[in-house]
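# Architecture and fold: a report
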Amino acid sequence: MNANNDFYILEYASHPGVYYIDNQFGMTNDVLSAEHYTSPEEALKYWENPSVWKVCKVHLDIKYV
């Protein structure tokens, strides 16, 4: 993960706060553990029913203190 770069994740439309992760469970409530995509198009690329998902943009601003 690159500091200060945006990425996209998929949120289940019917379950706010639950995100897609490619593991045996298929879901997580941890934004940083969710599958990261470089664009909204890439995030939805392989899904037959994209209406199941909300694409979320994540921005991390990492600052040294």
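Structural data are supplied above this passage.
First things first, this report covers the structure right here in the doc. Values in this document were obtained by computation on a predicted structure and should not be read as measured data. (Residues numbered from 1 in each chain as written. Predicted model: local features only at pLDDT ≥ 70, side-chain atom pairs only at ≥ 80, totals over all residues. Heavy atoms only, no water.)

Turning our attention to the pairing of strand S1 (residues 6-12). Counting buried positions over the seven residues of S1 gives six, a clear majority of the element. Here S1 runs beside strand S2 (residues 53-59); their pairing, made up of seven bridges, is antiparallel. In the strand pairing of S2, Phe-7 is matched with Val-58. (Buried < 20%, exposed > 50% of the residue type's maximum accessible area, 1.4 Å probe, protein only. Helix = DSSP H or I, 4+ residues; strand = E, 2+ residues; numbered from the N terminus. Pairing = 2+ DSSP bridges.)

Let us now look at the packing of aromatic side chains. Following the criterion strictly, the structure yields four aromatic pairs and no others. Their ring planes at 75 degrees and their centres at 5.8 Å tell us that Tyr-20 and Trp-53 sit as a pair that is edge-to-face. Taken together, the residues span a long stretch of sequence, with Tyr-20 in the loop between S1 and helix H1 (40-44) and Trp-53 in strand S2 at a distance of 33 residues. We classify Trp-53 as buried; its relative accessible area is 9%. In this structure an aromatic cluster arises from ring pairing among Tyr-12, Tyr-20, Trp-47 and Trp-53. (Phe/Tyr/Trp six-rings, centres within 6.5 Å; stacked < 30°, edge-to-face > 60°.)

All right, on to the side chain of Thr-28 then. Position of Thr-28 relative to the elements: it lies in the loop between S1 and H1. A relative accessible area of 15% places Thr-28 in the buried class. Of the polar contacts made by the side chain of Thr-28, one reaches the backbone nitrogen of Asp-30; its length is 3.1 Å. Discounting chain neighbours no more than four positions away, the residues touching Thr-28 are Gly-17, Val-18, Tyr-19, Ile-21, Ser-33 and Ala-34. (Polar contact = N/O pair within 3.5 Å; in protein donor to acceptor, adjacent residues only side chain to side chain. Contact = heavy atoms within 4.5 Å.)

Most often, soluble globular proteins have nonpolar side chains that are buried together. By size, the foremost hydrophobic cluster in this structure holds seven residues: Tyr-8, Leu-10, Tyr-12, Tyr-20, Tyr-37, Ala-43 and Trp-53. With residues near it in sequence (within four places) discarded, Trp-53 still touches Leu-10, Glu-11, Tyr-12, Ala-13, Tyr-20, Leu-44 and Trp-47. Of all hydrophobic cores here, the second largest spans six residues; its members include Ile-9, Ala-34, Cys-56 and Val-58. (Core = buried A, V, L, I, M, F, W, Y, C linked by side-chain atoms within 4.5 Å.)

Moving on, we get to the side chain of Glu-11. Along the chain, the position of Glu-11 falls in strand S1. The buried charged residue Glu-11 lacks any salt bridge, with Lys-54 as its nearest oppositely charged partner at 4.7 Å. A polar contact is formed between the side chain of Glu-11 and the backbone nitrogen of Gly-17, at a distance of 2.6 Å. Beyond its immediate sequence surroundings of up to four residues, Glu-11 is in contact with Pro-16, Gly-17, Val-18, Tyr-19, Val-52, Trp-53, Lys-54 and Cys-56. (Lys, Arg positive; Asp, Glu negative; His and termini not counted. Salt bridge = Lys/Arg side-chain N within 4 Å of Asp/Glu carboxyl O.)

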